[in-house]
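Chain by chain, the residues:
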Amino acid sequence: MAALRDAKIHKDVQDYYGQVLKKSEDLQTNACVTPARPVPKYIREALQNVHEEVTLRYYGCGLVIPEHLKNCWILDLGSGSGRDCYAVSQLVGEMGHVTGIDMTESQVEVAKKYIGYHMNKYGFQIPNVTFIHGYIEKLGEAGIKSDSYDIVISNCVVNLVPDKQQVLQEVYRVLKHGGELYFSDIYASLELPEETRKHKILWGECLGGALYWKDLAILAQKIGFCPPRLVDAHVITVQNKELESVIGDCRFVSATFRLFKLPKTVPAKRYQVIYNGGITGHEEELVFDTNFTFKEGESVEVGGETAAILENSRFAQHFLITPVGEKLPTPGECTVSESKDIITDPFKLAEKLGNWTSRCSSNAASSCCSTKKSC
Ligand SMILES: C[S@@+](CC[C@H](N)C(=O)[O-])C[C@H]1O[C@@H](n2cnc3c(N)ncnc32)[C@H](O)[C@@H]1O
């Protein structure tokens, strides 16, 4: 039954992104998910260098370009026409590598068509990008090995996948120790009822398959990731009477989270961390997530979980980390929040930031994820 359901969803989504949509402008929505913080100049330039046809077929819902990418191996889940892949391929440089995987053949074809163009533009002798036609729930079948990537990114895709746990489990498998999943997606304010889930347009709109936001932390813990770190969020308003009546009281948010793969336990201590400012484009401060900004040379007290993330990840060489000796009241398993002030709710963050995004115009065939006016 589940296999049949998954196959039907895959087919509908492939038709939508392969046949119905030809370019971002075919979207009828006025969704314009602009990052809350200013986008660093080096990222704006990397995005501007991407070929026009690739950018025209971009359907993401956030910015999935984390900091400090030089020499990294990056996997993009549901890479579509490859916009994010080409932007990050420039940033990882010739010694890094980017793999994009997508199940919609025509999107993969567009992505592949421009490998030469981008490598030429970036002055790379050997291509550092590969595109695979395949399913993100089955990365093994696509030849993706365990512990092989520093970062997995994904832009508005996991909501379209029926078995989200399978995807996250695969991500955990392919990430190296200290690696992270940095991804933007749509989340719901409650568990969606069957009627909403089964609504074909809402699923295509990236709303019907949206995860209840609290379930992300539950899934992450089940699989072994550290608790999700919230980076950015935008409330999405649905301006379509027909769809609104199906959705009822549910609200939606587009949010960017980072999930780290670390040792299962972290020390029950507090730490002083000092950022040395060495990360290109983030020399003065590193906005790690919505709760932690590290200013160059400034000492910040953090719990064991944040210290473990910094110490075990690619950020390690840019931080001086020393224990302050104070014991936390609870065991320091990688499952407890460090402080009750920490924001984990993307709806609260979006409201706090005043980020509102209209979505789903009167045309019911409209789709999610247009950022054609953003970035
Ligand atoms: C909303 S688009 C986003 C595409 C791309 N990330 C971007 O920002 O332009 C969703 C993409 O996810 C792909 N996709 C959805 N489910 C998938 C799955 N199970 N395996 C692989 N790709 C999938 C679709 O083919 C489509 O290209």
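Quick summary incoming for the structure in this document. These figures come from a predicted structure and were not determined experimentally.

As for unusual backbone geometry
Comment: phi is negative for the bulk of residues other than glycine, and the bulk of peptide bonds are trans.
Part 1 of the argument: Phi at His68 is positive, roughly 60°, even though this residue is not glycine.
Part 2 of the argument: Its location among the elements puts His68 in the loop between α3 (52–56) and β1 (73–77).
Part 3 of the argument: Backbone geometry at Asn71 places phi at a positive 70°, although glycine is not the residue there.
Part 4 of the argument: With respect to the helices and strands, Asn71 occurs in the loop between α3 and β1.
Part 5 of the argument: Assessed through its relative accessible area of 42%, Asn71 is described here as partly exposed.

Some details on the pattern of salt bridges
Part 1 of the argument: Under the defined criterion, the tally for this structure stands at 21 salt bridges.
Part 2 of the argument: Residue Lys11 pairs with Asp15 through a salt bridge whose shortest N-O separation is 2.9 Å. You can see Lys11 and its partner Asp15 sitting in helix α1 (residues 2–20), 4 residues apart, about one turn around the helix.
Part 3 of the argument: Residue Asp15 is classed as partly exposed on the basis of its relative accessible area, which comes to 28%.
Part 4 of the argument: Here Arg314 and Glu180 are joined by a salt bridge, their closest N and O atoms 2.9 Å apart. Of the two residues, Arg314 sits in the loop between α12 (304–312) and β13 (319–327) while Glu180 sits in strand β5 (residues 175–188), which places them 134 residues apart along the sequence. A single burial state applies to Arg314 and to Glu180, both of which are buried.
Part 5 of the argument: The network of salt bridges with shared partners includes Glu67, Glu180, Arg258 and Arg314.

Overview of α1
Part 1 of the argument: Compared with an ideal rise of 1.5 Å per residue, which puts 19 residues at 27 Å, α1 spans 26 Å between its outermost C-alpha atoms and is within 8% of the ideal.
Part 2 of the argument: Along α1, the residues classified as buried are Asp6, Ile9, His10, Val13, Gln14, Tyr16, Tyr17 and Gly18.
Part 3 of the argument: Elements in contact with the buried residues of α1: α5 (105–113) and α9 (200–204).

Observations concerning the nonpolar core
Part 1 of the argument: Leu75, Leu77, Val152, Val171, Phe183, Tyr187 and Phe225 are the most contacted members of the largest nonpolar core, which totals 40 residues.
Part 2 of the argument: Beyond its immediate sequence surroundings of up to four residues, Phe183 is in contact with Val64, Ser154, Val158, Leu216, Ala255, Thr256, Phe257 and Leu259.
Part 3 of the argument: Val54, Val110, Tyr182 and Val231 belong to the second-largest nonpolar core, a separate cluster that totals 33 residues.

Side note on the site of the ligand
Part 1 of the argument: Close to the ligand lie 23 residues; Tyr59, Gly78, Asp102, Thr104 and Glu137 are nearest.
Part 2 of the argument: Tyr59 is positioned with one of its backbone polar atoms (N or O) 2.8 Å from an oxygen atom of the ligand.
Part 3 of the argument: Here a nitrogen atom of the ligand sits 3.1 Å away from a polar atom, N or O, in the main chain of Ile136.
Part 4 of the argument: Looking at the shell around the ligand element by element, the count peaks at 3 residues for α1.
Part 5 of the argument: In the shell around the ligand, the residues fall into 12 nonpolar, 8 polar and 3 charged.

Considering the pairing of strand β8 (residues 252–260)
Part 1 of the argument: Most of β8 is tucked away: 9 of the 9 residues are buried.
Part 2 of the argument: Every second residue of β8 is oriented toward a common face, with Phe252, Ser254, Thr256, Arg258 and Phe260 on one face and Val253, Ala255, Phe257 and Leu259 on the other, all of them buried.
Part 3 of the argument: As judged from the 7 bridges shared by strand β7 (residues 229–238) and β8, these two strands associate in the antiparallel manner. Among the inter-strand pairings, Ala233 is bridged to a residue of β8, identified as Ala255.

What to know about the environment of Ile343
Part 1 of the argument: Mapped onto the secondary structure, Ile343 falls in the loop between β13 and α13 (346–353).
Part 2 of the argument: Its relative accessible area of 18% is what places Ile343 among the buried residues.
Part 3 of the argument: Beyond its immediate stretch of four places on either side in the chain, Ile343 contacts Leu230, Thr290, Asn291, Leu349 and Lys352.

Details of the packing of helix α7 (residues 164–174) against helix α10 (residues 213–223)
Part 1 of the argument: The N-to-C vectors of α7 and α10 enclose an angle of 45°; their axes lie 10 Å apart at closest approach. As summarised for this structure, α7 and α10 are arranged oblique, according to the angle between their axes. Classified by chirality, the crossing of α10 by α7 is right-handed. Along its contact with α7, which presents Lys164, Gln165, Leu168, Gln169 and Tyr172, the element α10 presents Leu216, Leu219, Lys222 and Ile223.

Considerations on the packing of aromatic side chains
Part 1 of the argument: Applying the stated criterion across every chain, the model contains 13 aromatic pairs.
Part 2 of the argument: Taken together, the ring pairs in this structure connect Phe260, Tyr275, Phe288, Phe292, Phe294, Phe315 and Phe319 into an aromatic cluster.
Part 3 of the argument: Above the face of the Tyr135 ring, Lys138 is positioned so that its terminal group lies 5.8 Å from the ring centre.

A look at the side chain of His282
Part 1 of the argument: Considering the arrangement of structural elements, one finds His282 in the loop between β9 (269–275) and β10 (285–287).
Part 2 of the argument: Ignoring any residue separated from it by four or fewer positions in sequence, one finds His282 in contact with Pro40, Tyr42, Glu67 and Tyr275.

Considerations on the packing of helix α4 (residues 83–92) against helix α6 (residues 115–122)
Part 1 of the argument: Two elements in contact, α4 and α6, have axes whose closest approach is 11 Å; the angle formed by their N-to-C orientations is 30°. Taken as axis vectors, α4 and α6 run roughly parallel relative to one another. Between α4 and α6 the crossing geometry is right-handed. For the pair α4 and α6, the contacting residues are Tyr86, Ala87, Ser89 and Gln90 in the first and Ile115, His118, Met119 and Tyr122 in the second.
Part 2 of the argument: Across the contact of α4 with α6, the residue classes break down as 5 nonpolar, 3 polar and no charged.

The rules behind the values
- Residues numbered from 1 in each chain as written.
- Predicted model: local features only at pLDDT ≥ 70, side-chain atom pairs only at ≥ 80, totals over all residues.
- Heavy atoms only, no water.
- Helix = DSSP H or I, 4+ residues; strand = E, 2+ residues; numbered from the N terminus.
- Buried < 20%, exposed > 50% of the residue type's maximum accessible area, 1.4 Å probe, protein only.
- Salt bridge = Lys/Arg side-chain N within 4 Å of Asp/Glu carboxyl O.
- Expected span 1.5 Å × (residues − 1).
- Contact = heavy atoms within 4.5 Å.
- Core = buried A, V, L, I, M, F, W, Y, C linked by side-chain atoms within 4.5 Å.
- Near = heavy atom within 4 Å.
- Polar contact = N/O pair within 3.5 Å; in protein donor to acceptor, adjacent residues only side chain to side chain.
- Nonpolar A, V, L, I, M, F, W, Y, C, P; charged D, E, K, R; others polar.
- Pairing = 2+ DSSP bridges.
- Axes fitted to C-alpha atoms, helices over the stretch in contact; angles between N-to-C directions.
- Parallel < 35°, antiparallel > 145°, perpendicular 65-115°, else oblique.
- Left-handed = near helix turned anticlockwise from the far one by under 90°.
- Phe/Tyr/Trp six-rings, centres within 6.5 Å; stacked < 30°, edge-to-face > 60°.
- Lys NZ or Arg CZ within 6 Å of the ring centre and 35° of its normal.

Keep in mind that these numbers describe shape and distance, not what the molecule does.
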